[in-house]
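Listed below are the residues making up each chain.
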Amino acid sequence: MLTLPVRPARIAIAIGLALAIVGLIALVLWAILAAATGSEGTASRIDIPHLLRMTTLQASLTTVLSLTVGMALAWALNRLRFPGRDLLVGLFASAIVTPGMVVAFGLLDIWGRNGWINQASDALLGFPLGNPAFGLSGILLAHVILDGAFAARILLARLDAIPAERLKTGQSLGLTAQQRFAILDWPAMRGTMPGLAAIIFLLAFTSFPIVLLLGGGPGNQTLEVAIYAAVRQDFDLTGAVHLALTQIAVCSGVILIAAALAPIPTSFGASIAPTWRDRPLARVLQTLILLTCSIGFVLPLASVLVDGLGTGMGSLLTQSTFWQAALSSLLIGTASAILTLALALGLALGRAATDHGILRTLLGMPVFAYLAVPAVVLSLGFFLLVRNLGVAPAAAAPFVVILANSLLALPFAIATLGPPLEAIARTRGKLIRSLDLSGWRQFITVEYPLLGKDIGVMLALAFCFSLGDLGVVALFGTQDFQTLPLMMFRALGSYRSNDAAAIAAILLVGTIIAFVGLPRLFSRIANAAR
């Protein structure tokens, strides 16, 4: 029996948007392939096998370490209750939007040659401990801080979802902490692991700012950084195109494997208070894990705030280039978030309006364009495309950055808005049909009031992604057009560390305000409209 409201206009809009995204991605890939064909016979000195080995190695190590840390942290958070726990869980959840270059800068503050650890060691022991923030160790550390916290938040949701009846049974049987983990916890997390591993691998494989800042030289370059270097430093478009094709091939293979794996739950609901406490020894271990992970995650961010809000802030605020970059970041972040919302709503509303399996699949595929064509590759394709069209890259830069940032945020936007829209269509479809509501009235009176907080979360994600983006703007930035991340990168390159520290602090504060404030703001607006 048909329960979904008949909405041909929504389906038509979704099909149009999907075709437009597919067409745009096809144009970008065509530009890359055309450049590759036109450059046949042109020699490139880029060692692609070495870069592929290095990229795969760091992504694989990141995946293993992040899952291990995430699993341990989720286990500790699931068991322990203490004042400020919800704030700490929220802080770990914000890892997904924390700019990678801010974390990298924080690590340099802590572990760098002149960092806190080496200064303390020099003062106490008379010698520094070295510089582990650079090279593969620094890259892995930064990735594990971000991806480990992200994994912990996902796995904590799975542990919190264990039915109370199973916990009561286990408690009545007197299971030890090891038996409880093996019999109850691991089966709850096991189904999420393959999909989560695939996402972390892709995030690490396509990482750009962290590798750029902490790589420490060509020996630790990855494909993304090599593409940037080939275009902006060596002017080797042939090599850049070959690197881009290699990256697309690998990412597509991982996506095909991930598509066959179990989906990752996106729920971030409140954690359930436990009634079953582990034995003292296990609780000591959980406390140590929680303290270590909290210090590891919070310390680099705290160092960014301490250094950034110091002497360099006053000097930075007097620079006109800073205000221009800040305005560019705000405008681009706002425009990207609004465009992402329009695309996500258009696709998600159309997908929720149909029960046709093939059509639903086709409407969902364009969403994952970013995973197959990462930021720097997408940026390279746009760069070649506008050049082929005879448009100066500098003139097209703002529009390309907004569009590319929107496509990058689209998978997360659909993951946020899609499930609640599907639930509304299926649980309230009969009522909407009986009231004979138009599509617009359905959205205003039924869907929007229920989606207020989700829309805020989606806008916050898209804005924060754009605010911290370096991968897209790195190829299009000029002296007249730069965002805060690009200005920070240039400040580091010219040894203006005070300016870089102040910008990092501003980016971090801006990210926190947007991530916390936007969902609450839109939730209040939606509730006030009822």
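Anyway, here's the lowdown on the structure attached to this text. (Residues numbered from 1 in each chain as written. Predicted model: local features only at pLDDT ≥ 70, side-chain atom pairs only at ≥ 80, totals over all residues. Heavy atoms only, no water.)

What about the overall build of the protein chain?
Quick note on the threshold: Where helices and strands are cited, they refer to DSSP runs of H or I of at least four residues and of E of at least two residues respectively, numbered from the N terminus. To get the radius of gyration, use the C-alpha atoms; to get the globule rule, take the number of residues to the power 0.38 and multiply by 2.2 Å. Each residue gets one of three labels from its accessible area relative to the maximum for its type: buried under 20%, exposed over 50%, partly exposed in between, using a 1.4 Å probe on protein chains only. Should any heavy atoms of two residues lie within 4.5 Å, those residues are considered in contact. Note on areas: Shrake-Rupley, 1.4 Å probe, and residue coverage restricted to the protein chains presented here. Charge assignment: positive for Lys and Arg, negative for Asp and Glu; neither His nor the chain ends contribute. Note on charges: their place is set at NZ of Lys, CZ of Arg, CG of Asp or CD of Glu.
Within the protein chain, the secondary structure is distributed over 24 helices and 0 strands. Taking 2.2 N^0.38 as the reference for a compact globule, 530 residues should give roughly 24 Å; the C-alpha atoms of the protein chain span a radius of gyration of 24 Å, in line with that estimate. The C-alpha extent of the protein chain, read off along each of the three principal axes, is 65 × 65 × 45 Å. Relative to its full complement of 530 residues, the protein chain shows a buried share of 52%. Of the contacts formed within the protein chain by residues at least 6 apart in sequence, a portion of 83% connects residues at least 24 apart. On the protein chain, roughly 23600 Å² of surface is accessible, and the fraction owed to carbon and sulfur atoms is 69%. Looking at the protein chain, you have 32 positive and 22 negative side-chain charges, and the mean spots of the two groups are 11 Å apart.

Describing the packing of helix α6 (residues 136–160) against helix α9 (residues 193–205)
The axes of two packed helices give the description: the angle between them and the distance between them. Counted only if it meets this: Inter-axis angles, ranging from 0 to 180 degrees, are taken between N-to-C directions of lines fitted to C-alpha atoms, where helices are fitted over the stretch in contact. By definition in this entry, angles of less than 35 degrees are roughly parallel, angles greater than 145 are roughly antiparallel, angles of 65 to 115 are roughly perpendicular, and the rest are oblique. By the definition used in this description, the sense in which the near helix is turned from the far one sets the handedness, with an anticlockwise turn below a right angle giving left-handed and a clockwise turn giving right-handed.
Remark: α6 packs on α9, axes separated minimally by 11 Å, with the N-to-C direction vectors making an angle of 155°. Between α6 and α9, the interaxial angle falls into the category roughly antiparallel. When you trace α6 past α9, the crossing you get is right-handed. Contacts between α6 and α9 pair His143, Asp147, Phe150, Ala151, Ile154 and Leu155 from the former with Met193, Leu196, Ile199, Ile200, Leu203 and Ala204 from the latter.

A closer look at a nonpolar patch on the surface
Rule in force here: Exposure above 30% relative accessible area and the lack of any salt bridge qualify a residue for a patch; like charges then connect within 9 Å, and the nonpolar side chains Val, Leu, Ile, Met, Phe, Trp and Tyr within 5 Å. Any carboxyl oxygen of Asp or Glu that lies within 4 Å of a side-chain nitrogen of Lys or Arg is treated as forming a salt bridge with it.
Judged by side-chain polarity, Trp116, Leu291, Ile295, Leu299 and Val306 come together as a nonpolar surface patch covering roughly 440 Å² of accessible area. At 4 residues, helix α13 (residues 280–308) tops the list of elements feeding residues into the nonpolar patch. By the secondary structure assignment, Trp116 is in helix α5 (residues 116–125). Assessed through its relative accessible area of 32%, Trp116 is described here as partly exposed.

Some thoughts on helix α11 (residues 223–233)
Most of α11 is tucked away, with 9 of its 11 residues classed as buried. For α11, the full list of buried residues reads Leu223, Glu224, Val225, Ala226, Ile227, Tyr228, Ala229, Ala230 and Val231. A positive backbone phi angle near 55° is found at Phe235, which sits one or two residues after α11.

Overview of the side chain of Gln482
Selection rule: Whenever two N or O atoms come within 3.5 Å, that pair is a polar contact, provided that in protein one can donate a hydrogen and the other can accept it, and provided that, for residues adjacent in sequence, both atoms are side-chain atoms.
Tracing the backbone through its elements, the reader meets Gln482 in the loop between α22 (473–476) and α23 (484–493). On the basis of relative accessible area, Gln482 is assigned to the buried category, the value being 12%. Engagement of the side chain of Gln482 in a polar contact is seen with the side chain of Arg490, the distance being 3.0 Å. Apart from the residues within four sequence positions on either side, Gln482 is in contact with Thr321, Gln324, Ala325, Ser328, Met487 and Arg490.

Re the environment of Leu27
Here Leu27 lies in helix α1 (residues 8–38). Looking at Leu27, the relative accessible area reads 41%, which means it is partly exposed. Along the chain, Leu27 and Gly381 lie 354 residues apart, while their C-alpha atoms are 8.2 Å from each other.

With respect to unusual backbone geometry
You will see that Asp436, though not glycine, has its phi angle at about 55°, which is positive. Along the chain, Asp436 falls in the loop between α20 (429–435) and α21 (439–467). Look at Asp436 and you get exposed, because its relative accessible area is 68%. Of note in the backbone geometry, Tyr495 takes a positive phi value of approximately 60° without being a glycine. Positionally, Tyr495 belongs in the loop between α23 and α24 (497–528). Judged by its relative accessible area of 75%, Tyr495 falls in the exposed class.

Brief notes about the packing of aromatic side chains
Inclusion rule: In this analysis, rings of Phe, Tyr and Trp, with Trp reduced to its six-membered ring, are considered paired at centre separations within 6.5 Å, and the interplanar angle assigns stacked below 30 degrees, edge-to-face beyond 60, and tilted for intermediate values.
Across all of its chains, the model carries 8 aromatic pairs by this definition. A ring pair is formed by Phe201 and Phe205, whose centres lie 5.6 Å apart and whose planes are at 25°; its orientation type is stacked. Taken as a pair, Phe201 and Phe205 lie in helix α9 at a separation of 4 residues, close to a single helical turn. Across the pair, Phe205 and Phe201 agree in class, each one buried. Centre to centre, the rings of Phe208 and Tyr228 are 5.5 Å apart; their planes meet at 70°, and the pair counts as edge-to-face. Linking Phe208 in the loop between α9 and α10 (209–214) with Tyr228 in helix α11, this pair joins segments that are 20 residues apart in sequence. Every member of this aromatic cluster is reached through a ring pair, and the members are Phe208, Tyr228 and Phe489.

Some remarks on the packing of helix α4 (residues 100–111) against α13
Note the cut-off: Basically, the charged four are Asp, Glu, Lys and Arg, the nonpolar ten are Ala, Val, Leu, Ile, Met, Phe, Trp, Tyr, Cys and Pro, and anything else, Gly included, counts as polar.
One can describe the packing of α4 onto α13 by two numbers: an axis separation of 8 Å at closest approach and a directional angle of 85°. Between α4 and α13, the angle is such that the two are roughly perpendicular. Residues Val102, Val103, Phe105, Gly106, Leu107, Asp109 and Ile110 of α4 touch α13, and the partners they reach there are Leu299, Pro300, Leu301, Ser303, Val304 and Asp307. A per-class count over the contact of α4 with α13 returns 9 nonpolar, 2 polar and 2 charged.

Side note on the nonpolar core
Soluble globular proteins tend to pack their nonpolar side chains together in the buried interior. Our working rule: Working definition of a nonpolar core: buried Ala, Val, Leu, Ile, Met, Phe, Trp, Tyr and Cys residues. They are joined through side-chain atoms within 4.5 Å.
The biggest cluster of nonpolar side chains holds 161 residues, and the ones touching the most others in it are Leu214 and Leu378. At 16 residues, the largest contribution of residues to this core is made by helix α19 (residues 393–427). Once you skip the residues sitting within four places of it in the chain, Leu214 turns out to touch Ala104, Leu107, Leu108, Ala133, Phe134, Gly135, Gly138, Ile139 and Ala142.

Details of the environment of Gly477
Looking at the secondary structure, you find Gly477 in the loop between α22 and α23. Gly477 sits 98 residues away from Ser379 along the chain, and the two C-alpha atoms are 11 Å apart. Among residues more than four places away in sequence, those in contact with Gly477 are Arg232, Leu486 and Arg490.

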